[in-house]
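Here's the letter readout for the chains.
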Amino acid sequence: MGFLDDFKEAVQSDDNGMTLPTHEQNPTQQTQHPAEDPASPFNITVKNDQPVEVKDPVSGDIVKFNILANGRAKLRNPGQCTGGDYKAAAVQIVLDTAISLLNNPSFLPDAHNVKALILLSSKMTGPVTEAMNTKGYDVAFKMFNVTIARDA
């Protein structure tokens, strides 16, 4: 027997309760919450299927926007959810709030102003997060993009 074999045998037979993991045990395996558990945080991905049409208050033109958001959300009171609809409700809250902000002329005064369009995504994150908080969700966005849709 070599030194490592002796060491392994000594550690496995130690009385302190410390044993080396065998091939049946996986020490790197993490416990995951079930997907249906409303108390655990969940990923949220928001992407509109069809571009949102907004009327530009200055020119009257119709401008189309795409919304793409990604982050983590958690219900503050898991007892308020029924089934798995809390994830779909969170996505719908984000879309509804973003669409209402885009249709608000005081929020987006000119859809053709390049500076306003560049700042639009960062300007929108705060009100959307606040709307989620009022509906009982804690949310943190990793990414929140609002861009003009390109016609194909």
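Residues numbered from 1 in each chain as written. Predicted model: local features only at pLDDT ≥ 70, side-chain atom pairs only at ≥ 80, totals over all residues. Heavy atoms only, no water.

## A short note on the overall build of the protein
Part 1: The helix and strand tally for the protein stands at three helices and four strands.
Part 2: Along the chain direction, N to C, the helices and strands of the protein fall in the order α-β-β-β-α-α-β.
Part 3: For the protein, buried positions account for 29% of its 152 residues.
Part 4: For the protein, the share of sequence-separated contacts (at least 6 apart) that also reach a separation of at least 24 residues comes to 70%.
Part 5: Working note: accessible area of the protein is about 10,200 Å², and carbon and sulfur atoms make up 53% of it. (Helix = DSSP H or I, 4+ residues; strand = E, 2+ residues; numbered from the N terminus. Buried < 20%, exposed > 50% of the residue type's maximum accessible area, 1.4 Å probe, protein only. Contact = heavy atoms within 4.5 Å. Areas by Shrake-Rupley, 256 points an atom, 1.4 Å probe, with all protein chains shown as cover.)

## Details of the packing of aromatic side chains
Part 1: Scanning the entire structure with this criterion turns up three aromatic pairs.
Part 2: Between the aromatic rings of F42 and Y86, the centroid separation amounts to 5.3 Å while the plane-to-plane angle is 75 degrees, which identifies the pairing as edge-to-face. With F42 in strand 1 (residues 42–47) and Y86 in helix 2 (residues 85–102), the pair connects residues that are 44 residues apart, well separated along the chain.
Part 3: For F42, a relative accessible area of 5% puts it in the buried group.
Part 4: Y86 sits in the buried class, given a relative accessible area of 3%. (Phe/Tyr/Trp six-rings, centres within 6.5 Å; stacked < 30°, edge-to-face > 60°.)

## Looking at the nonpolar core
Part 1: In this structure, F65, L102, L120 and M124 are the most contacted members of the largest nonpolar core, which totals 33 residues.
Part 2: Top element by residues in this core is helix 2. It accounts for eight residues.
Part 3: Among residues more than four places away in sequence, those in contact with L102 are V52, V54, F65, I67, L108, L120, M124 and V146. (Core = buried A, V, L, I, M, F, W, Y, C linked by side-chain atoms within 4.5 Å.)

## Quick notes on the environment of A73
Part 1: Among the structural elements, A73 can be located in strand 3 (residues 62–75).
Part 2: What makes A73 buried here is its relative accessible area of 2%.
Part 3: Distance in space between the C-alpha atoms of A73 and K87 is 8.8 Å, their sequence separation being 14 residues.
Part 4: Each residue touching A73, except ones within four places of it in the same chain, is listed here: P41, F42, I44, D138 and V139.

## Details of a nonpolar patch on the surface
Part 1: Together, V114, I118 and L119 make up an exposed nonpolar region whose accessible area comes to about 310 Å².
Part 2: Checked against the element boundaries, L119 lands in helix 3 (residues 114–134). (Patch = residues over 30% accessible without salt bridge, like charges linked within 9 Å, V, L, I, M, F, W, Y side chains within 5 Å. Salt bridge = Lys/Arg side-chain N within 4 Å of Asp/Glu carboxyl O.)

## Overview of helix 3
Part 1: Between its first and last C-alpha, helix 3 extends 31 Å over 21 residues, near the 30 Å set by a 1.5 Å rise per residue.
Part 2: By the largest-angle criterion, L120 marks the main kink of helix 3, which is about 45 degrees.
Part 3: Taken together, the buried residues of helix 3 touch strand 1, strand 3, helix 2 and strand 4 (137–148).
Part 4: Measuring from the backbone nitrogen of K115 back to the side-chain oxygen at the start of helix 3 gives 3.1 Å, which picks out N113 as the cap.
Part 5: In the stretch just after helix 3, G136 is the one whose phi turns positive, near 100 degrees. (Expected span 1.5 Å × (residues − 1). Bend = angle between axes of the 7 residues up to and from the residue. Polar contact = N/O pair within 3.5 Å; in protein donor to acceptor, adjacent residues only side chain to side chain.)

## A word on the pattern of salt bridges
Part 1: Going through the model one piece at a time under the given rule, you end up with one salt bridge.
Part 2: With its nearest N and O atoms 2.9 Å apart, the salt bridge here joins D138 to R76. Of the two residues, D138 is situated in strand 4 and R76 in the loop between strand 3 and helix 2; the sequence distance between them amounts to 62 residues.

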